[in-house]
Amino acid sequence: MFRSNRAGWFFILPAFVFLGLFKIVPIGVSVLESLRQTTYTGRSYFVGFENYTYLFFEDPTFWNSFWITLIYSLVVNPLIILIALVMALLLNENRFFTKFFRTVFFLPTAISFAVVSVIWSVVLDPHYGLANGFLTLFGLPAQPFFASTAQALWCLVFLNVWRSAGYWMMYFLAGLQNIPESLYQAADIDGASAWTKTRKITLPLLSRTFAFVLVANTAFNFLTFAPVYIITKGGPRGSTNLLMYESYKSAFVNLDMGRASAITTILLGIILIFSLFEFKWTKAGFEY
Amino acid sequence: MMRRYKKPLVLAAEFVLLTAISLFFILPILWIVASALRPSGPLYTYANPLTLQTFFPTTVTFDNFVHIFKNLHFGRALLNSLLVAVATIAISVLICSMAGFGLAKFAFRGKNLFFFIVLITFMVPFESIVIPLFVLVKRLNIDNTYFALILPAAGNGLAIFLFRQFFSEVPTEILEAARIDGASWIRIFRKIILPLSIPAIVTVIVMVFMFQWNSLFWPLIATHSSRFEVVQVAITAHRSTEDTSWANLFSSAIAGSLPPVILFFFLQKYFVRGISGTGLKG
């Protein structure tokens, strides 16, 4: 680490200007909006933390969304990261089939979330969909998928794994390139098994990449919006009403910007708390 | 570089596992491709019950693709997205790699605040900043231009975070040695840091490309002339609650997904052990 205000600021200044103008200013406006309320005539006035106290103490819809978002995140994040990591480890070495499989795993990521949502809404159609075509082929009963309160959230998880696993695989592949080849050669001389090498060399030395993927992926999934908006509209009976969608409804359906901004600000708080734990857990965040 | 070869049995097991995973990823896509290659008709005809026809159409036609390019000007949207993505990548890779270096290797006043800013920029939902951002872009007088699509995406917190993680791996001793030899920081950055971080740069190129290529909400709001129509806007225009043109939707979705796949296919050679990550890091 080099101690230099001048060099440090020289390197971060351009990014600081861009982030400050196009990200921090709008974020600031949005946070301030959460302290205001808009009347039906369109006038807005300062209300302090009223939007927040209402959400916390008098708003069961908010709490329903809160718990659903939490459950969704606790399932979808480990699942995506585990699958992405396994795929990257399997495809790290250059063999005749490596390039083909990498590209196949990456395919869903090339399709935008909006289009992926349309595709899965037709694939999982309860009557005519491809998925039920498969189930009946194997003699299994057809499933309602997004039409069922018990299954809809898990279908969202499934969709997200399908779309995102290949994306995070890419980051793990990049991170794996940073591990010195010499360590593996030394381990080979000592006669270490593939599993030992993975556990003792690869995984520990992947920790910075792992921290990155963990934090970024968690943030992304807390902000899941497109599939809810396109497929379920939060239903059936609120079972997929993630916080982002609830905030969207507040802003653009009920025209309650104060509540919408309060929800997204709370969401930011939740993501920050999660990130802090993830940084601590991977020990890779703040080491200087 | 000699590695012990894996036993054929292990290799075969890996191959079977990989094939199983890829079926999960590819079957829905195969079905979409088959639907786009069929003469346009009802979408669900071949989906359930399942037959070989579901994935391999008996009559293959490229009419749907010809239609979207010839009559619906999909090529224009592809070019727009390409221009926006390339311009964003050029700015983004430069300023984000610089910032990542600053965070990874320097102690300076305001560093923790800047890192906090970097983190929250990708933790805040875009939907919640979209209105203030549009007001800002209008005030800067760049709404309905390419600049409105490029500039707000140029500063990318995720890219800075990624660069920081990778640059931290470069041993500080090498930089100290270069300093003693009288190299300037800019020179160290260009001649040592960047060449050692090719996988990170490639990853950020793909990341920024995908971000711009897949953006839908912001282009819808920031531009309104069809001159600036980007890929996702063109694709999703085929879906509406009253009438969805599946043939147009699927064929444009497929054509629109090819550029990122091609980009990844060619850039992934930098994700192979032994090509990079040699030399200094041993």
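Values in this document were obtained by computation on a predicted structure and should not be read as measured data.

1. Let's talk about the overall build of chain A
Here's step 1: Within chain A, the regular secondary structure consists of 13 helices and three strands.
Here's step 2: Considered along the principal axes of its C-alpha atoms, chain A spans approximately 75 × 70 × 30 Å.
Here's step 3: In chain A, which comprises 288 residues, the share counted as buried stands at 57%.
Here's step 4: Within chain A, counting contacts between residues at least 6 apart in sequence, those at least 24 apart form 66% of the total.
Here's step 5: Here chain A carries 19 positive and 13 negative side-chain charges, and the mean point of each set is 6 Å from the other.

2. Side note on the nonpolar core
Here's step 1: Among the nonpolar cores identified, the biggest contains 170 residues, and Phe105(A) and Phe212(A) are the most heavily contacted of them.
Here's step 2: Of the domains in this structure, domain 1 (8–61) and domain 2 (68–270) of chain B are the two that each give at least three residues to this core.
Here's step 3: If we ignore the near neighbours within four places in the chain, the residues touching Phe105(A) are Met87(A), Leu91(A), Gly166(A), Met169(A), Leu18(B), Ile21(B), Ser22(B) and Phe25(B).
Here's step 4: Within the second largest apolar cluster, 14 residues are counted, among which are Val84(B), Val130(B), Ile142(B) and Ile150(B).

3. Digging into the packing of aromatic side chains
Here's step 1: Counted according to the given criterion, the structure contains 61 aromatic pairs over all chains.
Here's step 2: Ring geometry for Trp9(A) versus Phe108(B): centroids 6.1 Å apart, planes at 70°, classification edge-to-face. In this pair, Trp9(A) sits in helix H1 (residues 5–33) while Phe108(B) sits in the loop between strand E1 (106–107) and helix H4 (111–121), so the two residues belong to two different chains.
Here's step 3: With relative accessibility at 28%, the residue Trp9(A) sits in the partly exposed group.
Here's step 4: With 6.2 Å between their ring centres and 40° between their planes, Phe62(A) and Phe66(A) make a pair best called tilted. Here Phe62(A) and its partner Phe66(A) are both found in helix H3 (residues 60–90), four residues apart, which amounts to about one turn of the helix.
Here's step 5: Judged by relative accessible area, Phe62(A) falls into the buried class, the value being 0%.
Here's step 6: In this structure Phe66(A) comes out as buried when scored by relative accessible area, which is 16%.
Here's step 7: Taken together, Phe97(A), Phe100(A), Phe101(A), Phe105(A), Trp120(A), Phe158(A), Trp162(A), Phe15(B), Phe24(B) and Phe25(B) form an aromatic cluster joined through their ring pairs.

4. Some points on the domain arrangement of chain B
In many reports, interface size means the accessible area that the parts give up when they come together.
All names here are of chain B.
Here's step 1: Taken domain by domain, chain B comprises domain 1 (8–61) and domain 2 (68–270).
Here's step 2: Each of domain 1 and domain 2 has a C-alpha centre, and these two points are 32 Å apart.
Here's step 3: Contacts between domain 1 and domain 2 engage six residues on the former and five residues on the latter.
Here's step 4: Carbon and sulfur atoms supply 93% of the area that domain 1 and domain 2 bury against each other, a total of about 510 Å² over both sides.
Here's step 5: The interface formed by domain 1 and domain 2 includes zero salt bridges.
Here's step 6: The tally of links between domain 1 and domain 2 comes to zero residue pairs in polar contact (both at pLDDT 80 or more).
Here's step 7: When the residues that make up the side of domain 1 that touches domain 2 are grouped by side-chain class, the tally is four nonpolar, two polar and no charged.

5. Here's the deal with the pattern of salt bridges
Residue and element names in this part refer to chain A.
Here's step 1: Taken as a whole, this structure holds six salt bridges over all chains when the rule is applied.
Here's step 2: The salt bridge partner of Lys197 is Asp188, with a shortest N-O separation of 2.7 Å. Neither Lys197 nor Asp188 differs from the other in exposure class; each is buried.
Here's step 3: For Glu246, the salt bridge identified is with Arg259, shortest N-O distance 3.0 Å. Taken as a pair, Glu246 in helix H12 (residues 243–253) and Arg259 in helix H13 (residues 257–282) lie far apart in primary sequence, 13 residues in all.

6. Some remarks on the interface of chain A and chain B
Here's step 1: In this assembly, 112 residues from chain A lie in contact with 113 residues from chain B.
Here's step 2: Both faces combined, the contact of chain A with chain B buries some 10,800 Å², and carbon together with sulfur accounts for 74% of it.
Here's step 3: On the chain A side of the interface with chain B, the three residues burying the most area are Phe2(A), Phe11(A) and Phe22(A), jointly 8% of the side's total.
Here's step 4: Along the contact surface separating chain A from chain B lie one salt bridge.
Here's step 5: Salt-bridge contacts for Glu169(B) lead to Arg208(A); the nearest nitrogen and oxygen are separated by 3.4 Å.

7. Looking at the packing of H3(A) against H13(A)
Axis angle and axis distance: for two packed helices, these are the angle between their axes and the distance between the axes, and together they describe the pair.
Residue and element names in this part refer to chain A.
Here's step 1: It is the contact of H3 with H13, at a shortest axis distance of 13 Å, that shows an interaxial angle of 30°. Classified by chirality, the crossing of H13 by H3 is right-handed. Where H3 approaches H13, its residues Thr61, Phe62, Phe66, Leu70 and Leu74 are matched on the opposing element by Arg259, Ile263, Ile266, Ile270 and Phe274.
Here's step 2: Classifying every residue of the contact of H3 with H13 gives eight nonpolar, one polar and one charged.

Rules behind the numbers
- Residues numbered from 1 in each chain as written.
- Chains lettered and ligands numbered in written order.
- Predicted model: local features only at pLDDT ≥ 70, side-chain atom pairs only at ≥ 80, totals over all residues.
- Heavy atoms only, no water.
- Helix = DSSP H or I, 4+ residues; strand = E, 2+ residues; numbered from the N terminus.
- Buried < 20%, exposed > 50% of the residue type's maximum accessible area, 1.4 Å probe, protein only.
- Contact = heavy atoms within 4.5 Å.
- Lys, Arg positive; Asp, Glu negative; His and termini not counted.
- Charge placed at Lys NZ, Arg CZ, Asp CG, Glu CD.
- Core = buried A, V, L, I, M, F, W, Y, C linked by side-chain atoms within 4.5 Å.
- Domains from an automatic or database assignment.
- Phe/Tyr/Trp six-rings, centres within 6.5 Å; stacked < 30°, edge-to-face > 60°.
- Buried area = accessible area lost by both parts, 1.4 Å probe.
- Salt bridge = Lys/Arg side-chain N within 4 Å of Asp/Glu carboxyl O.
- Polar contact = N/O pair within 3.5 Å; in protein donor to acceptor, adjacent residues only side chain to side chain.
- Nonpolar A, V, L, I, M, F, W, Y, C, P; charged D, E, K, R; others polar.
- Axes fitted to C-alpha atoms, helices over the stretch in contact; angles between N-to-C directions.
- Left-handed = near helix turned anticlockwise from the far one by under 90°.

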